[in-house]
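The primary structure of each chain is shown beneath.
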Amino acid sequence: MKAAPVDQIRLLDVQDLDVRLTQLAHQRKNLPQHAEIRALEGELTQQRALLVAARTESSDTAREQAKAEADVDQVRKRAARDQERLDSGLVTNPKDLSGLQSEIASLSRRQDDLETVVLEVMERQEAAEARAAELATAVTDLEAREAELVERRDEALAGIGAEEDTVRKQREQIAEGVPADLLKLYDRLREKQGGVGAARLYQRRCEGCRLELDVTVVNEVKAAAADDVVRCENCSRILVRTPESGL
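Here the structure is a predicted model, which means the values were calculated and not measured. (Residues numbered from 1 in each chain as written. Predicted model: local features only at pLDDT ≥ 70, side-chain atom pairs only at ≥ 80, totals over all residues. Heavy atoms only, no water.)

**Brief notes about the pattern of salt bridges**
Any two side chains of opposite charge can pair, on the condition that their charged atoms come close. In plain terms, the rule: In what follows, salt bridge is the name for a side-chain nitrogen of Lys or Arg lying within 4 Å of a carboxyl oxygen of Asp or Glu. Only DSSP runs of H or I with at least four residues qualify as helices, and only runs of E with at least two residues qualify as strands; both kinds are numbered from the N terminus onward. Buried residues are those whose accessible area, probed at 1.4 Å on protein chains only, stays under 20% of the maximum for their type, while exposed residues exceed 50% and partly exposed ones sit between those limits.
Tallying each qualifying case throughout the model produces 25 salt bridges. With a closest N to O distance of 3.8 Å, Arg76 and Asp73 form a salt bridge. Within this pair, Arg76 and its partner Asp73 are both found in helix H2 (residues 32-88), separated by three residues, close to a single helical turn. What makes Arg76 partly exposed here is its relative accessible area of 38%. A salt bridge links Arg78 to Glu103; the shortest N-O distance between them is 2.8 Å. Here Arg78, found in helix H2, pairs with Glu103, found in helix H3 (residues 94-175); they are 25 residues apart in sequence, far enough to count as distant. By relative accessible area, which is 41% here, Arg78 ends up partly exposed.

Now the structure itself:
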């Protein structure tokens, strides 16, 4: 294959732009915000689950407290009715009086027990509410942090995208001046050789594979016509000769 030396030099400019596009793609994929957001999402999922559990516990203990308070009220009302009957003097039978007094005493003990239950449930309810409030604050803080990271990530991606557009336009403009067959060979080699299809020959060393050419090969390259498209013996990439090639 043959191509004017200026077209081969132009191919190096295309290669530089392709390398930059590869770097930008890597940068896009590996933005630190991506990992931070993933970690934060995991923490948020955990904290939200804990918040749901705390709110469920708070709701359950609230119902339990309401039931316990209703039980206390029911016993208190019954005891009040019994006391009213006792104080009215309408119950005169000694046996009935004894039974009424015994029931009032039993209801008093029952009321004490239920009020203890109410206090215990109230303590658990307050603890559950406090825990839910604490977790709600934590979730809010994490969501704010996530929103900040997402904003920073989007800004970074927008910057990368803008540069990618600029680089692509530059590549298109420069590639238009490269012969089609040379560009096709370059693209094929670039895909095969990890993104580098053309390399500068510098001081008898291929800058693609970083290996120095054998003396015999150097002599062959030196003897080749200026418009010959030469390839590296080691990596098969297109070798572009410049005044710094050391030939």
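**Comments concerning the packing of H2 against H3**
Quick note on the threshold: To get an axis, fit a line to the C-alpha atoms, keeping to the stretch in contact for a helix; angles then go from 0 to 180 degrees between the N-to-C directions. Orientation labels follow simple angle bins: below 35 degrees gives roughly parallel, above 145 gives roughly antiparallel, 65 to 115 gives roughly perpendicular, and whatever is left gives oblique. Handedness of each helix crossing follows the sense of rotation of the near helix against the far helix: counterclockwise by less than a right angle gives left-handed, clockwise gives right-handed. Classification used: nonpolar for Ala, Val, Leu, Ile, Met, Phe, Trp, Tyr, Cys and Pro, charged for Asp, Glu, Lys and Arg, polar for all others including Gly.
Where H2 contacts H3, the two axes come as close as 5 Å, and the packing angle between them is 160°. Classified by the interaxial angle, the pair formed by H2 and H3 is roughly antiparallel. Where H2 crosses over H3, the handedness of that crossing is left-handed. Considering only residue class, the contact of H2 with H3 consists of 31 nonpolar, ten polar and 24 charged.

**A closer look at H2**
This is how it is decided: Multiplying one less than the number of residues by 1.5 Å gives the expected span of a helix.
Taking 1.5 Å of rise per residue, the 57 residues of H2 would be expected to cover 84 Å, and the 82 Å separating its terminal C-alpha atoms lies within 8% of that figure. Looking one or two places after H2, you find Gly89, whose phi comes out positive at around 80°.

**Structural notes on the nonpolar core**
What counts here: In this description, a nonpolar core means a group of buried Ala, Val, Leu, Ile, Met, Phe, Trp, Tyr and Cys residues linked to one another through side-chain atoms lying within 4.5 Å. Two residues qualify as a contact provided that any one of their heavy atoms is within 4.5 Å of a heavy atom in the partner residue.
Ranked by internal contacts, the top residues of the largest apolar core, which has 15 residues, are Leu11, Val178, Leu182, Leu183, Tyr186 and Ile238. Broken down by secondary-structure element, the contributors of at least two residues to this core are helix H1 (5-29), helix H4 (180-192) and strand E4 (238-241). It is H4 that provides the largest number of residues to this core, a total of five residues. Among all residues touching Tyr186, those that are not within four sequence positions of it are Leu11, Val14, Gln15, Asp18, Arg171, Gly197, Ala198 and Ile238. With twelve residues, the next largest nonpolar core counts Val217, Ala224, Val230 and Cys235 among its residues.

Any link to function would need more than the numbers given here.
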